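Given next are the chains, with one letter for each unit.
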Amino acid sequence: MFRLLRRMRRDERGQAMVIGAVAMLVLAVSVMASVSIGHGVYEKIKLQDAADAQAYSIAVKEARAYNFLAYTNRAMVVHYSAMLTVMSYVSHAVYLDQTLRSAASVLKYIPVIGAVFAAVEAALKFWKAAVEVVSRVLIPILTGLNIALWLAQEAMLYSTLLDLVTSDGNTVIQGTDPKAQVGVAMTHGSSGGNPGLSVLRAVTSTNYSNLKNFLHPIDDGPRSSGSVDLSDPTGTGTRARLLRDNRLSDPDMAKYRLLMGNLANAVRRRWTAEGEGPVLIGRRWNLGLCVGVFQVRIAKTADSQIKSFRETFENNRKDQLYAADDIQIRVRPACFFGRWRTVFQLRFRAAADAQGGFHQEFGRRKTDDHHDWTGITPFVTSDPSFIRPWQYHFGYPCNVTVLSKDMGAVSGASTPFQMKNLSENAFMKNASGRIDAGGEVVGDGFLDMTWKYVGGSRMANGAFDVDAAHFRETTGGMMAIAVGRAVYHRPGVWKEEPNFFNPLWTARLAPVKTHWEDSAMRLMIREWDLSAGWFRNAFNY
């Protein structure tokens, strides 16, 4: 018996099995830890991708709306320019009718060449009639198109707002990460409810912020620090007053009338704006003659523009499409010397306004009821807000997306990589164990493969795990944040402020800290300060 014991004590066979068992345990723990970490990284990447996709999707919608405003504004300006050109043709046709046609009506009786002047008279008479008919038809059509474009702008604003308010990103988010949930109140909320992707409970506050930030670059929109007037969130009511009561004395009306009028005047063709052409038949020319000791100058000038008058001007005409072709004859007593004196002047003018417009063909006499025009149409402009760029986001709208994912961090929950049995094994505990709120023994040396203690461990009111418990309850164990931004980008040397006249808006992702101040983040995320403390090594856990 003793001989057998001594032989077994000296026998070294089987030691490899013990070492192998220990090695296999360590290897198994390493593999499981790697799998757990790999799953966590994978789930975090998918969640962040979903948040980025939703934030970028909202930014694309905002940029699309702004580009639509730019295209429609440009179309409205082009229509105004076309109206001015038509009125220029009218005033020029009136000038030709009262000068060259009148002269041709007398010269047509000259033998041999009279037929030529008779043809000129007929052609000019037809030209005036044709221009008059075209202007009477085209100006109301273009005015109606501008009103339709403005209504389309308002419809685009409201549809985008509706999308921002009611959309919870189900298509984009769930298509990227089916486990992602919107908002901060997640599956394991303190109320015990399960809001999931509920619009009213999960994303209302966030979507309200997105809505407000979408509106604040608009000149009638709310400021980032203010609130949205739900009775007229886009300022449609203010702009609509331009059609029914466009008083220049009203600052809002003056802004629209003068700005749009100046924009339309700025894009006029040279022929429309100031005229040009050959002597007698052009819109602008000069003819100088030195007859004996006298010098005579005949100057033909032209001008076409949108004018905005005060309410008391000529029985409240307000806005006019105005075009003029004038002749002025001036003389002075000596050639190339002396003061000029006006001896004769003719005004050939045409205007379209809300009271039927007028023609002015002989001096000061006007004939009314020629061209009806309702005036400047409402439109949407931008407010870059460079005065307080940090608060107003440099004139760019930002949207925030907060997503969470249930990682099975609460006892009893299950996930594909919840290793509860391993985490409860006594081998994974240290000697200085303590009891947490759930009754389980934990310690600083605890090697936990689960998401049970994500969010930190802190003692408060006699209980451990306070921060982690709140984080798990509100987020489910994992959270991702993304900020999208619609930016005005002009390639090359860019010095132009953001506006709604050039369709150069595009979508980008932006840093969270850049456009969401700490105060806003603290309101949305209770653990914001806690995380900042960790990175500053303020305390250990």
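Because the structure is predicted, anything quoted here is derived from the model rather than measured.

Visitor: Mind showing me how you'd approach the pattern of salt bridges here?
Guide: For side chains bearing opposite charge, pairing can occur when the charged atoms are close. Applying the stated criterion across every chain yields a total of 18 salt bridges. Taking the shortest distance from any N to any O, the salt bridge between K405 and D177 comes out at 2.6 Å. A residue pair is termed long-range when its members are at least 10 positions apart, and K405 in strand 8 (residues 398-406) and D177 in the loop between helix 4 (170-176) and strand 1 (180-182) qualify at 228 residues. Judged by relative accessible area, K405 falls into the buried class, the value being 1%.

Visitor: Just to check I follow, could you spell out the packing of aromatic side chains for this structure?
Guide: In this description, an aromatic ring pair is defined by two values, namely the gap between the centres and the angle between the planes. Counted under the stated rule, the structure contains 12 aromatic pairs. On the numbers, 5.6 Å between centres and 75° between planes, the contact of Y256 with F379 is edge-to-face. One end of the pair, Y256, is in helix 8 (residues 251-266); the other, F379, is in the loop between strand 7 (365-368) and helix 10 (389-392), and 123 residues separate them in sequence. According to the relative accessible area criterion, Y256 is buried, its value standing at 1%. Ring centres of F309 and F313 lie 4.0 Å apart, and the angle between their planes is 10°; this geometry places the pair in the stacked category. Taken together, the ring pairs in this structure connect Y66, F214, Y396, Y488, F500 and W505 into an aromatic cluster.

Visitor: Honestly, the sheet that holds strand 8 in this entry has me stumped. Any pointers?
Guide: Whether parallel or antiparallel, the strands of a sheet pair through hydrogen bonds between backbone atoms. Pairing in this open sheet of 4 strands is antiparallel, and the strands run 1-8-11-12 from one edge to the other. Two strands lie at the open edges of the sheet, namely strand 1 and strand 12 (505-510), each paired on one side alone. Within the sheet, the average angular offset between the axes of one strand and its neighbour, ignoring direction, is 30°. Where strand 8 and strand 11 (residues 477-488) come together, 9 bridges link them in antiparallel fashion. Directly across from T401, in strand 11, lies its bridge partner A482.

Visitor: Even after reading the chapter, I still don't get unusual backbone geometry, so can you show me in this structure?
Guide: Trans is the prevailing form of peptide bonds, just as negative phi is the prevailing case for residues other than glycine. Of note, F336 is a non-glycine position whose phi angle comes to about 70°, a positive value. Mapped onto the elements, F336 comes out in the loop between strand 4 (319-332) and strand 5 (341-353). The exposure class of F336 is exposed, given its relative accessible area of 62%. Positive phi is not limited to glycine here, since D369 has a value of about 65°. Among the secondary structure elements, D369 is positioned in the loop between strand 7 and helix 10.

Visitor: I keep staring at the packing of helix 3 (residues 114-166) against helix 7 (residues 236-244) and nothing clicks. Help me out?
Guide: Helix-helix packing is described using two parameters, namely the angle between the two axes and the distance between the axes. Remark: helix 3 packs on helix 7, axes separated minimally by 12 Å, with the N-to-C direction vectors making an angle of 175°. By the criterion of interaxial angle, the relationship of helix 3 to helix 7 is roughly antiparallel. Counted together, I147, W150, E154, L157 and Y158 of helix 3 and T236, R239, A240 and L243 of helix 7 form the full contact between these two elements. Per-class residue counts for the contact of helix 3 with helix 7 are 6 nonpolar, 1 polar and 2 charged.

Parameters and conventions
- Residues numbered from 1 in each chain as written.
- Predicted model: local features only at pLDDT ≥ 70, side-chain atom pairs only at ≥ 80, totals over all residues.
- Heavy atoms only, no water.
- Salt bridge = Lys/Arg side-chain N within 4 Å of Asp/Glu carboxyl O.
- Helix = DSSP H or I, 4+ residues; strand = E, 2+ residues; numbered from the N terminus.
- Buried < 20%, exposed > 50% of the residue type's maximum accessible area, 1.4 Å probe, protein only.
- Phe/Tyr/Trp six-rings, centres within 6.5 Å; stacked < 30°, edge-to-face > 60°.
- Pairing = 2+ DSSP bridges.
- Axes fitted to C-alpha atoms, helices over the stretch in contact; angles between N-to-C directions.
- Parallel < 35°, antiparallel > 145°, perpendicular 65-115°, else oblique.
- Contact = heavy atoms within 4.5 Å.
- Nonpolar A, V, L, I, M, F, W, Y, C, P; charged D, E, K, R; others polar.

Nothing here speaks to function; it is geometry throughout.
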